[in-house]
Amino acid sequence: MKFLLGLLVGILIVPAVLYVYLQSGSAPAAATDAPMPFEKILARGSLHARIEREHPNKDVAQFTNPQLIEGADVYQKNCAFCHGLPQQPQSAASKGMYPSAPQLFTQDGTVTDDPVGETYWKVKNGIRLTGMPSFGAALSEDQMWNVSALVARADKLAPEVLTELKPLPDLSSPVPAMPLGPNVPPAVAPAQHPVVPAPSGAAQPAPPTPR
Ligand code: HEC
């Protein structure tokens, strides 16, 4: 009886302490807080095993420059915001994330040692409890492979691929209006524009009659 009581108290005490800890406000909740005890183990415990089990593979050397250029375009539009561009300062967003987003074109952040299939798995599925999104629904298979090959070969890219990774113009500063596509009607239809002079010979407004 005593043993059972002890067991019951033992079982109840763990969630009770956990509850008090979470309610106390000292558990990490902000992205900038230090990790909770065991948080990393819990979040990452199965990641590597899962990737090992599931990731497909390709020879990264088989990707051609046109494919890498397409990968660079995908990267500019979907990844650079968090993972940065070659020779560029780290973005504000990537500095404030927990866990932080590795800068894939820097010595410390590069994934050139990982098999390209592992990176493809991460791009397709995302990484749980981190800011790394899953792109499986947003990008095509080819786009995911090409962008994965791009970052897997980050240290060996040809100049024509690197050109595609130049920073885009800063949209936060005043810039001329963006050109409209061919199907977008102009804001003011030219035919109705009042500054067009009337063709000569057309009826002129009558001059004011002298008194
Ligand atoms: C909103 C921010 C964000 C975007 C956008 C994003 N990522 Fe990530 N990514 C992260 C974060 C944060 C991590 C770190 C996760 C971790 O610590 O395990 C990460 C991890 C990775 C890793 C693993 C790095 C390593 O060292 O193992 C790869 C590869 C990667 N991202 C590629 C991409 C690619 C390619 C794209 C675009 C298709 C992309 N990411 C878009 C935030 C982002």
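One structure accompanies this document, and this report is about it.

About the thresholds
- Residues numbered from 1 in each chain as written.
- Predicted model: local features only at pLDDT ≥ 70, side-chain atom pairs only at ≥ 80, totals over all residues.
- Helix = DSSP H or I, 4+ residues; strand = E, 2+ residues; numbered from the N terminus.
- Buried ≥ 20, exposed ≤ 12 C-beta atoms within 10 Å, placed from the backbone.
- Core = buried A, V, L, I, M, F, W, Y, C linked by C-beta atoms within 7 Å.
- Contact = placed C-beta atoms within 7 Å.
- Near = placed C-beta within 6 Å.
- Nonpolar A, V, L, I, M, F, W, Y, C, P; charged D, E, K, R; others polar.
- Expected span 1.5 Å × (residues − 1).
- Axes fitted to C-alpha atoms, helices over the stretch in contact; angles between N-to-C directions.
- Parallel < 35°, antiparallel > 145°, perpendicular 65-115°, else oblique.
- Left-handed = near helix turned anticlockwise from the far one by under 90°.

1. Observations concerning unusual backbone geometry
Both trends apply: most residues other than glycine have a negative phi, and most peptide bonds are in trans. In the segment running from Tyr98 into Pro99, the intervening peptide bond is cis, with an omega of -5°. Mapped onto the secondary structure, Pro99 falls in the loop between α6 (92-95) and α7 (116-125). Its identity as a non-glycine residue notwithstanding, Gln87 has a phi of 60°, on the positive side. With respect to the helices and strands, the residue Gln87 is situated in the loop between α5 (80-83) and α6. Its 11 C-beta neighbours within 10 Å are what place Gln87 among the exposed residues. In this model, Leu129 sits at a positive phi of 60°, which is unusual for a non-glycine residue. Summarising the element assignment, Leu129 is placed in the loop between α7 and α8 (141-152).

2. What to know about the nonpolar core
Counting 23 residues, the largest nonpolar core has Leu68, Tyr75, Tyr120, Val147, Ala149 and Leu150 as its most contacted members. For this core, the secondary structure elements donating two or more residues are α4 (65-78), α7 and α8. Ignoring any residue separated from it by four or fewer positions in sequence, one finds Tyr120 in contact with His55, Pro56, Met144, Trp145 and Ser148.

3. Looking at the site of the ligand
The immediate surroundings of the ligand are formed by 21 residues, with Cys79, Cys82, Pro99, Gly131 and Met132 found nearest. Breaking the shell around the ligand down by element, the ones donating at least two residues are α5, α7 and α8. Residue composition of the shell around the ligand, grouped by class: 15 nonpolar, 5 polar and 1 charged.

4. Overview of α4
Taking 1.5 Å of rise per residue, the 14 residues of α4 would be expected to cover 20 Å, and the 19 Å separating its terminal C-alpha atoms lies within 8% of that figure. When we look at burial in α4, the residues that qualify are Leu68, Glu70, Gly71, Ala72, Val74 and Tyr75. On the buried face of α4, the contacting elements are α5, α8 and α9 (159-162).

5. Thoughts on the environment of Val116
Among the structural elements, Val116 can be located in helix α7. Classification of Val116 as buried rests on a count of 25 C-beta atoms within 10 Å. For Val116 and Trp145, which are 29 residues apart along the polypeptide, the C-alpha to C-alpha distance reads 8.0 Å. With residues up to four places along the chain from it excluded, the contact list for Val116 reads Lys58, Val60, Ser148, Ala149 and Ala152.

6. Considering the packing of α7 against α8
Direction vectors running N to C along α7 and α8 enclose 125°, while the axes themselves pass 9 Å from each other. In terms of orientation, α7 and α8 fall into the oblique class. In this structure, α7 meets α8 at a crossing whose hand is right-handed. For the pair formed by α7 and α8, the contact residues are Val116, Thr119, Tyr120, Val123 and Lys124 on the first element and Met144, Trp145, Val147, Ser148, Ala149, Val151 and Ala152 on the second.

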